[in-house]
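Below, each chain spelled out in residue letters.
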Amino acid sequence: MEQPETRRKWDDRWREHQGPGQPARVLAENAHLLPASGEALDLACGLGGNALLLARRGLRVRAWDLSGVAVERLRAQARAEGLPLEAEERDVCARPPPPGAFDVIVVAHFLERHLAPALVAALRPGGLLYFETYTQEALSPSGPGRPEWRLAPGELLELFRPLRPVVYREEGLMGDLREGWRDKALLVAVKDPARRGGPLPEGWREEPWRRA
Ligand SMILES: C[S@@+](CC[C@H](N)C(=O)[O-])C[C@H]1O[C@@H](n2cnc3c(N)ncnc32)[C@H](O)[C@@H]1O
């Protein structure tokens, strides 16, 4: 699809959508892994539910999307909350993030496989990738109708093989299908995982199992 056509399609969808964006599960449930400060990117942000969560937690946030409607809505929400968030209308396929620019990158419901190496390169050492999107193995009709826009089984881990997985979930069609989290896969992964968290709580040690 040509980009002007894609932009029009998403502009129309976001015009119809009410309320601010909501964060993806991969970020909402794993926000405790975020650094206390740093630069974050919400790539193909839509209404920017992820960008808003990141900025509310004190990160300096860039949010990029092709849709001017989405970007304008996100800017207004960030202004209303006084958040450190810069939203930009940007074709991320033509202009991917530069190397070494971000401590955190979030990509939700946007699958451009050729961008994976650029995303890995764009993370700083110790940086975190949060990724979530639809899988080909699915129970519900939600998400893209074209199989190439959905992840094959295990593909998300393969795409970001240079990173170390921290959280990974993909249930596919296994087990009791009335339960669980279906239709999508999620990954939190870290680049060069030297310990990058905050100070340890009092009385805690990093390797308590190590005998002197
Ligand atoms: C399914 S929405 C996901 C939005 C958001 N990440 C979320 O999870 O709510 C896909 C988004 O990708 C954006 N998009 C599509 N192609 C793009 C491109 N080449 N560059 C930047 N954004 C793009 C669309 O405008 C749309 O907002």
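All values derive from a computational prediction rather than experimental measurement. (Residues numbered from 1 in each chain as written. Predicted model: local features only at pLDDT ≥ 70, side-chain atom pairs only at ≥ 80, totals over all residues. Heavy atoms only, no water.)

Student: Is there a simple way to explain the pattern of salt bridges in this structure?
Tutor: In a structure, side chains of opposite charge can pair up when their charged atoms sit close to one another. Tallied over the entire structure, the rule returns 18 salt bridges. Across the pair Arg7 and Glu89 runs a salt bridge, and its minimum N-O distance is 3.8 Å. Taken together, the positions of Arg7 in helix α1 (residues 3–16) and Glu89 in strand β3 (residues 85–89) put the pair 82 residues apart, joining distant regions of the chain. Arg7 sits in the partly exposed class, given a relative accessible area of 28%. One salt bridge in this structure joins Glu39 and Arg60, with 2.7 Å as the shortest N-O distance. Of this pair, Glu39 sits in strand β1 (residues 39–43) while Arg60 sits in strand β2 (residues 60–65), and the two are 21 residues apart along the sequence. Classification of Arg60 as partly exposed rests on a relative accessible area of 43%. Linked by salt bridges that have partners in common, Glu88, Arg90 and Arg95 make up one network. (Salt bridge = Lys/Arg side-chain N within 4 Å of Asp/Glu carboxyl O. Helix = DSSP H or I, 4+ residues; strand = E, 2+ residues; numbered from the N terminus. Buried < 20%, exposed > 50% of the residue type's maximum accessible area, 1.4 Å probe, protein only.)

Student: Help me out: how do you make sense of helix α4 (residues 68–81) in this one?
Tutor: Every α-helix winds through 3.6 residues per turn, so residues three or four apart in the chain are directed the same way. Look at α4: 20 Å from first C-alpha to last across 14 residues, which is about the 20 Å you get at 1.5 Å a residue. Contacts from the buried residues of α4 go to α1, α3 (49–56), β2 and β3. (Expected span 1.5 Å × (residues − 1). Contact = heavy atoms within 4.5 Å.)

Student: How should the pairing of β1 be read in this particular structure?
Tutor: Remark: a regular strand shows side chains that alternate across the two faces of the sheet. Most of β1 is tucked away, with 5 of its 5 residues classed as buried. Side-chain alternation along β1 places Glu39, Leu41 and Leu43 on one buried face and Ala40 and Asp42 on a second face that is also buried. Crossover connection from β1 via α3 to parallel β2: handedness right-handed. (Right-handed = clockwise from strand over helix to strand, strands pointing away.)

Student: Whenever I open this one, the packing of aromatic side chains confuses me. Can you help?
Tutor: Between two aromatic rings, the relevant description is the distance of the centres plus the angle of the planes. A full pass over the atoms with the stated rule returns 3 aromatic pairs. Judged by centre distance (5.3 Å) and plane angle (50°), the rings of Phe131 and Phe160 are tilted. Placement of the pair is Phe131 in strand β5 (residues 123–134) and Phe160 in the loop between α6 (155–159) and β6 (164–169), with a sequence separation of 29 residues. There is no split in this pair, since Phe131 and Phe160 are both buried. In this structure, Arg13 packs its charged tip against the face of Trp10, placed 4.6 Å from the ring centre. Sitting over the face of the ring of Trp149, Arg146 holds its NZ or CZ atom 4.3 Å from the ring centroid. (Phe/Tyr/Trp six-rings, centres within 6.5 Å; stacked < 30°, edge-to-face > 60°. Lys NZ or Arg CZ within 6 Å of the ring centre and 35° of its normal.)

Student: Got a minute to help me understand the site of the ligand in this structure?
Tutor: Among the 16 residues in the neighbourhood of the ligand, the closest are listed as Ala44, Asp65, Asp91, Ala108 and His109. The side chain of Trp14 places a nitrogen or oxygen atom 3.0 Å from an oxygen atom of the ligand. The separation between a nitrogen atom of the ligand and a polar main-chain atom of Ala44 is 2.8 Å. The protein chains hide 87% of the 590 Å² of surface that the ligand would expose on its own. By residue number, the principal contributor to the shell around the ligand is α1, which donates 3 residues. In the shell around the ligand, the residues fall into 9 nonpolar, 4 polar and 3 charged. (Near = heavy atom within 4 Å. Polar contact = N/O pair within 3.5 Å; in protein donor to acceptor, adjacent residues only side chain to side chain. Areas by Shrake-Rupley, 256 points an atom, 1.4 Å probe, with all protein chains shown as cover. Nonpolar A, V, L, I, M, F, W, Y, C, P; charged D, E, K, R; others polar.)

Student: How do you make sense of the sheet that holds strand β4 (residues 102–108) when you look at a structure like this?
Tutor: Backbone hydrogen bonds are what pair the strands of a sheet, in a parallel or an antiparallel way. Spatial ordering of the open sheet is given by β3-β2-β1-β4-β5-β7-β6, a layout of 7 strands whose pairing is mixed. The open sheet terminates on both sides in strands that have one partner only, identified here as β3 and β6. Looking at each pair of strands side by side, their axes are set apart by 15° on average, direction ignored. In this sheet, β5 lies alongside β4 in parallel orientation, the contact comprising 6 bridges. The residue bridging Ala108 from the neighbouring strand is Glu132, located in β5. Its contacts with the sheet put α4 on β2 and β3, and the angle it makes with β3 is roughly 165°. (Pairing = 2+ DSSP bridges. Axes fitted to C-alpha atoms, helices over the stretch in contact; angles between N-to-C directions.)

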